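Fold and contact review
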Amino acid sequence: MKKLLFLIALSVLFSQCEICHYVRYGEKSAQFEISNDTAFVNGLLGKKAHHRLEKIIHKNPHLSTLCLEDVPGSVDDEYNIKSCYLIHQKKLNTYASSQSIIASGGVDFFLAGDKRHVEEGAKLGVHSWRDGTTDGVYFPRGDSLHFLFLDFYKTIEMDSSFYWFTLRAAKADSIHWLSYDEMIRFGVIKN
């Protein structure tokens with residue numbers, strides 16, 4: 001019985017951390033399932049997901065929308081931002097259904113959409129990034145570590161105030177679920 005309770009407690013704890021999602025998704029990383037003009041996205045973002053995204057865009061020139069379903073974050077911010085630039089360049093729309101759970105680097109991926117729709121009930125979570133030991137919120141605003149994200153925000157014409165908000169909203173080992181008002185205030189939703 002103690003072992004069962006320990007495993008339940010451990011699974012609840014692990015379900016909240018991004019790296020634990022990597023264990024859940026393993027080497028498979030994000031998968032893209034195509035239906036008509038929409039790709040349904042599930043899993044972690046990073047290098048493998050970026051290469052998969054390039055392939056599905058190449059093989060599906062009619063693709064117009066990415067529906068993010070369960071996207072807990074990224075394991076490689078640089079490749080995730082490359083994917084974001086690709087989404088922006090191809091003018092793909094992003095969509096969060098009422099069942100979607102999108103967090104961390106998944107929110108950046110979502111923000112890359114030309115039009116961004118969020119159904120009531122969707123969960124979008126943000127937090128500070130970490131360089132391995134220190135949360136991004138503790139680096140001075142002029143530090144070059146912020147440039148990867150600030151340059152991306154500038155390219156997609158997203159106000160950088162949202163970036164600074166995400167750093168303060170929650171520490172790297174936590175999450176802040178955006179309210180609908182916050183999504184509107186920061187321009188997360190874009191029609």
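Residues numbered from 1 in each chain as written. Predicted model: local features only at pLDDT ≥ 70, side-chain atom pairs only at ≥ 80, totals over all residues. Heavy atoms only, no water.

1. Details of the pairing of strand β3 (residues 65-71)
- Most of β3 sits out of view: six of its seven residues are buried.
- Bridging between strand β2 (residues 38-42) and β3 involves five bridges; their strand directions are parallel. For Phe 40, the partnering residue across the bridge sits in β3 and is Cys 67.
- Handedness of the crossover is the feature at issue here: the chain leaves β2, passes through helix α3 (residues 47-59), returns alongside β3, and the resulting connection is right-handed.
- Pairing between β3 and strand β4 (residues 93-103): six bridges, direction parallel. Residue pairing for β4: Leu 66 is matched across the bridge by Thr 94.
- Handedness of the crossover joining β3 and β4 through helix α4 (residues 77-89): right-handed. (Buried < 20%, exposed > 50% of the residue type's maximum accessible area, 1.4 Å probe, protein only. Helix = DSSP H or I, 4+ residues; strand = E, 2+ residues; numbered from the N terminus. Pairing = 2+ DSSP bridges. Right-handed = clockwise from strand over helix to strand, strands pointing away.)

2. Digging into the environment of Thr 155
- Tracing the chain through its elements places Thr 155 in helix α6 (residues 147-155).
- Overall, the relative accessible area of 35% leaves Thr 155 in the partly exposed class.
- C-alpha of Thr 155 to C-alpha of Tyr 85: the two residues are 70 residues apart in sequence and 8.3 Å apart in space.
- Aside from chain neighbours lying at most four places away, what touches Thr 155 is Tyr 85 and His 88.
- Only 3.0 Å separates the side chain of Thr 155 from the backbone oxygen of Asp 151, close enough to count as a polar contact. (Contact = heavy atoms within 4.5 Å. Polar contact = N/O pair within 3.5 Å; in protein donor to acceptor, adjacent residues only side chain to side chain.)

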